[in-house]
Every structure is written in structure tokens, then in C-alpha cells.
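Descriptive structure summary
Here is what each chain is made of, one letter per residue.
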Amino acid sequence: MATATYVPIATQTLGSATSTITFSSIPSGYTDLRVVLGNIQAASGCLTYGRINGDSGSNYSYTSLYGQSAAANATNAINQTYLNLVSAVGPLSSNPSFMSLDIFSYTSSTYKTMLVNWAEDYNSGGVVENNVQLWRNTSAITSLSFFNSSSVNFLAGTTATLWGI
Amino acid sequence: MSLTPGIIASSLTGHLITNNFFLISQQTPSSATSITFSSIPNTYKSLQLRYSSTISGSAGYRINFNGDSTNGHYAQHWFYSAGSSASAGSSANTYTTGTVGLGVSTYQNVGIVDIVDYANTSKNKTLKWFAGGNNNTSGGDIELDSGLWISTSAINSLTFSGGTFTGTFSLYGVS
């Protein structure tokens with residue numbers, strides 16, 4: 001019989017404004033990880049970033065494909081110090097955003113590649129974005145953190161779930 | 001419960017398990033030119049294939065179903081970027097379906113392929129493919145693709161081809 005998987009490892013809903021969402025002590029028993037940030041709201045316009053295993057070195061890069069209002073766009077960056085999860089417009093305080101982050105072979109001894117889907121709409125514009133992220137490190141992933149640019153807090157009600165697949 | 005930095009991820013327990021996503025088979029090829037999942041059971045609503053793999057000699061990641069490589073039996077659309085501009089396109093009446101990007105060299109390419117209603121015998125089969133790769137250069141490969149297999153047969157096997165693969169390929173059933 002096939003093995004059941006896709007297991008919520010940890011889930012939380014912010015009770016108050018918080019600068020950083022962190023998952024630590026991530027177990028190694030899965031093939032992939034998935035992080036879902038839901039109802040993402042922040043006090044002012046910002047971008048949302050991430051880090052792996054606390055690494056703030058220039059070890060991240062991404063390639064992005066996104067639609068903003070009526071235009072299709074693409075961008076990329078290398079040697080970043082964080083995961084750049086959304087390229088154009090990040091979360092706002094008025095309408096919630098949604099993000100999923102799929103992390104493949106997170107315990108392998110290869111560099112880690114990830115896929116991100118971001119969606120937001122504020123009834124006069126919005127962004128839908130797909131991007132691929134690279135973390136140039138061969139260590140197993142044991143912690144993940146998410147934060148906004150300019151030290152903007154996530155607002156209460158933002159949800160964060162870590163899944164093991 | 002409010003969120004605090006440093007959640008101990010392993011501290012939560014089993015009542016959250018949903019049990020509707022099942023690992024059917026996993027392969028970890030090394031320098032394989034094709035990867036086949038065969039004898040796929042017809043008991044799920046949809047399939048999801050997830051992979052993390054290097055590729056060389058690439059024509060891109062290709063998928064054929066049930067061993068069918070007949071010209072005219074496949075079609076695809078894509079929304080794609082290699083780093084600096086977005087493009088979209090399509091092709092019809094082809095031998096296979098797959099990614100338009102060739103994938104990056106050196107590092108892992110990753111993808112999620114969703115195949116809905118794969119066991120239905122009264123309609124053609126559609127897939128959604130989300131794929132990407134990044135080499136820490138100004139290029140890369142990020143794309144969202146659709147694929148069509150023009151057949152009403154239930155899918156019972158699936159074959160990857162297009163390059164030489166080393167990595168992990170996992171097939172899941174979703175009930």
C-alpha cells in the first residue's frame with residue numbers, strides 16, 4: 001500500500017505583530033518541504049524575504065516570472081543575502097497575500113533549489129509571481145525564517161505552515 | 001497560540017495529518033536517460049510528480065504516457081523566462097509534452113507536475129507543470145506549462161526523457 005505523506009510539521013497563526021517567522025528543528029524524514037504563508041499582511045509596503053539555517057551570506061539567487069497589473073515581467077538576481085520571495089510588490093495591510101514555497105531534496109548534499117508561488121490583489125492592481133530560488137549550500141535544511149524588508153512586521157492573523165512531503 | 005521565533009517544528013503531533021496524499025513510487029536515478037513509472041494504480045483522483053534533478057544533453061524535461069510517442073498525440077502551452085524577459089508560446093501535434101526551457105546545468109532543476117483525472121476513460125488528459133532552475137547567473141529557467149495528451153486511455157505509465165538525469169523523482173497519488 002502506498003505511503004501517506006504531506007504532513008503538517010508545524011503551523012501557527014500570529015497573535016500579534018511579529019518581525020520574523022521561524023521554523024527550527026525541522027526533522028529530516030521527508031523528501032521535500034513546503035511552506036505556506038497565508039493571510040500575509042504587513043504594516044506598509046515591503047518585500048518578503050527568507051533565510052535558511054540562519055545563513056546571511058551571499059549564497060542566494062533567483063529567477064522570477066511575474067505579472068503585475070497588466071504586464072508580464074521577468075527579473076533575476078545573484079549573490080543575494082536572502083531568499084527574495086516576491087520581486088515586485090510585497091504584502092500590504094489592506095488585503096492579504098499568499099505564498100507557497102516548495103523546497104526539494106532538502107536533506108541532500110547538493111545545493112538546494114526551490115519554487116515559489118506568490119499571489120496578491122488589492123483591487124486596483126496586484127501581483128502573481130512564480131520564481132525559482134537557489135541556496136548554494138550542501139547542508140541539510142534544519143531551519144527557515146521569513147521576514148520583511150525595512151524591518152516591517154507581519155501583522156496578527158498571518159498564518160505559517162510547514163509541511164513535510 | 002501566538003507565533004514566537006524559533007518554533008520547535010517537531011513538537012506538534014499527529015492530529016494534523018490529512019492522509020490524502022500518497023507516495024506511489026520514488027526513483028533516484030544516476031545518469032539515466034529515461035525514467036519510467038509503470039503500473040500506476042487507477043485509484044486516485046489525480047497524480048503529482050515532484051523532481052529535483054540535474055540534467056545534461058538536454059532537450060528539456062519531456063513526458064510521454066503509456067509509451068505513446070505518436071506525432072499528433074500531444075500539445076503544450078508555456079509561460080516562461082530565462083531571466084530577463086517573459087515569453088509565452090505553444091505547440092500542437094507533437095510527439096511528447098514537457099518544458100520549453102532546457103534546464104540549467106550544474107545545479108538541480110526542480111518541478112511539480114499535476115495530472116488531473118488521469119484514470120478517466122472518457123476525456124483527454126491535461127497536466128500542469130511548474131518548473132525552474134537557477135545557476136546563480138543572470139539566466140535560469142522558470143516556467144509554468146500546460147500539457148495535453150490526446151487520449152482517453154487511463155494513464156498507467158509515465159516516462160521522463162530529454163536528457164541524462166541524476167536526482168530524485170517521486171510520484172504521488174492524491175485521493
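Residues numbered from 1 in each chain as written. Chains lettered and ligands numbered in written order. Predicted model: local features only at pLDDT ≥ 70, side-chain atom pairs only at ≥ 80, totals over all residues.

**A look at the overall build of chain B**
From N to C terminus, chain B includes 0 helices and 13 strands. Taken from N to C terminus, the helices and strands of chain B fall in the order β-β-β-β-β-β-β-β-β-β-β-β-β. Within chain B, contacts between residues at least 6 apart in sequence are counted, and of these 78% link residues at least 24 apart. (Helix = DSSP H or I, 4+ residues; strand = E, 2+ residues; numbered from the N terminus. Contact = placed C-beta atoms within 7 Å.)

**Quick word on the sheet that holds strand β10 (residues 125-133) of chain B**
An order of β1(A)-β2(B)-β13(B)-β4(B)-β9(B)-β10(B)-β11(B)-β6(B)-β7(B) is seen for the 9 strands of this open sheet, with the pairing classed as antiparallel. Each edge of the open sheet carries a strand with a single partner, namely β1 (3-5) of chain A together with β7 (86-94) of chain B. On average, adjacent strands in this sheet sit at an angle of 20° to one another, irrespective of strand direction. Where strand β4 (residues 46-56) of chain B lies against strand β9 (residues 109-116) of chain B, 8 bridges are found, and the strand directions are antiparallel. Looking at the pairing, serine 53 of chain B lines up with asparagine 109 of chain B of β9 of chain B. (Pairing = 2+ DSSP bridges. Axes fitted to C-alpha atoms, helices over the stretch in contact; angles between N-to-C directions.)

**Regarding the sheet that holds strand β8 (residues 97-98) of chain B**
Residue and element names in this part refer to chain B. With antiparallel pairing, 4 strands are arranged side by side in an open sheet as β3-β12-β5-β8. Each edge of the open sheet carries a strand with a single partner, namely β3 (35-37) and β8. Note: β3 against strand β12 (residues 158-161), 3 bridges, orientation antiparallel. Across the sheet, the residue bridging to phenylalanine 37 is leucine 158, located in β12.

**Quick notes on the confidence of the model for chain B**
All names here are of chain B. Scored by pLDDT, chain B has a mean of 90; 90% of the residues are at 70 or more. At the level of individual helices and strands, chain B shows its lowest average pLDDT in strand β1 (residues 7-8), which scores 44, and its highest in β3, which scores 98. pLDDT under 50 marks residues 1-17. Its contacts with residues more than four places away, or in other chains, come to 37 contacts. Here the prediction assigns the complex a pTM of 0.92, and the interface score ipTM is 0.94. (pLDDT = per-residue confidence, 0-100.)

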